[in-house]
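Each chain, written out:
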Amino acid sequence: MTSVKLIAKVLLHLSRVLAFIYFITFLYTLISLEGKSGSVLLHDANRQFILYLPFTHIPFLLGFNNPVYIWVEFLPLFILYALFFLLLSNVFNVFIQERLFTHRGYNYLRVFYLANFTLPVIMLFLTELLSEASFDAWAIVGLHLLLGVFIFFMAAIFKQGLKLQDEQDLIF
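Calculation rules
Residues numbered from 1 in each chain as written. Predicted model: local features only at pLDDT ≥ 70, side-chain atom pairs only at ≥ 80, totals over all residues. Heavy atoms only, no water. Pairing = 2+ DSSP bridges. Helix = DSSP H or I, 4+ residues; strand = E, 2+ residues; numbered from the N terminus. Axes fitted to C-alpha atoms, helices over the stretch in contact; angles between N-to-C directions. Contact = heavy atoms within 4.5 Å. Polar contact = N/O pair within 3.5 Å; in protein donor to acceptor, adjacent residues only side chain to side chain. Core = buried A, V, L, I, M, F, W, Y, C linked by side-chain atoms within 4.5 Å. Buried < 20%, exposed > 50% of the residue type's maximum accessible area, 1.4 Å probe, protein only. Phe/Tyr/Trp six-rings, centres within 6.5 Å; stacked < 30°, edge-to-face > 60°.

Draft legend 1. Broad picture of the sheet that holds strand E3 (residues 59–64). Taken in spatial order, the three strands make up an open sheet running E1-E2-E3, and their pairing is antiparallel. The open sheet has two edge strands with one neighbour each: strand E1 (40–43) and E3. On average, adjacent strands in this sheet sit at an angle of 20 degrees to one another, irrespective of strand direction. Two elements, strand E2 (residues 48–52) and E3, share five bridges in a ladder whose sense is antiparallel. Pairing of Leu 51 across the sheet is with Leu 61, part of E3. Most of the contacts of helix H1 (residues 2–35) go to E2, to which it runs at about 125 degrees, and overall it touches E1, E2 and E3. On top of the sheet, helix H2 (residues 67–94) reaches E2 and E3; it is set at about 145 degrees to E3, its chief contact.

Given below as structure tokens:
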């Protein structure tokens, strides 16, 4: 179990760093696009934009200069992946605790699988409703659903382990 805790601790910190990076990217993109800052260059007859890395002329993000695209497809991607990695870090946090089967750990797993079952599907529905989702979007939603199924099974195991642990605690 020592190697599991070590790997979980590394992945916990890595996923928290990724959550932070996605959140900062969301804020930077939101501020830049809404503020029409100098870090945004419009081209192709104002149909596309290039967002540069802060204080440079190095292209960072490319997108379509269309409000529906920006608010339904582009910006939500960053905030939702920030949330995804934050929730994922909570899943890894379950495996570094002294006691493996806890109500808190079960709830972390439950929130993670529910988020993976609902949020990608909602985003795909909105994208299909307001524009056109690409094949990649369908594939990514499929991967999130598959991940949600695995975590659902893991949560079911944790729920049973929690029940057995609670019964054992009553005996001793």
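Having seen it, we continue.
Draft legend 2. The environment of Trp 138, seen in detail. Within the secondary structure, Trp 138 sits in helix H4 (residues 135–171). Within the local environment of Trp 138, its side chain forms a polar contact with the side chain of Glu 128, the two groups lying 3.1 Å apart.

Draft legend 3. Quick peek at the nonpolar core. In this structure, Phe 84, Phe 85, Leu 88, Phe 95, Leu 109 and Phe 112 are the most contacted members of the largest nonpolar core, which totals 21 residues. Only H1, H2, helix H3 (103–130) and H4 provide two or more residues apiece to this core. Once you skip the residues sitting within four places of it in the chain, Phe 85 turns out to touch Ser 15, Leu 18, Ala 19 and Tyr 22. Counting 12 residues, the second-largest nonpolar core is a separate cluster that includes Val 40, Leu 51, Tyr 69 and Phe 78.

Draft legend 4. Spotlight on the packing of aromatic side chains. According to the stated counting rule, one finds 16 aromatic pairs in the structure shown. Between Tyr 69 and Phe 74, the aromatic rings sit 5.6 Å apart at their centres with planes inclined by 35 degrees, giving tilted as the arrangement. The class for Tyr 69 is buried, based on a relative accessible area of 17%. Since its relative accessible area comes to 6%, Phe 74 is described here as buried. An aromatic cluster of three or more residues is present, and its members are Tyr 22, Phe 49, Phe 64, Tyr 69, Phe 74, Phe 78, Tyr 81, Phe 84, Phe 85 and Phe 112.

Draft legend 5. Layout of unusual backbone geometry. Phi is positive for Asp 44, which is not a glycine, with a value near 55 degrees. For Asp 44, the position within the fold is in the loop between E1 and E2. A relative accessible area of 37% means that Asp 44 is categorised as partly exposed.

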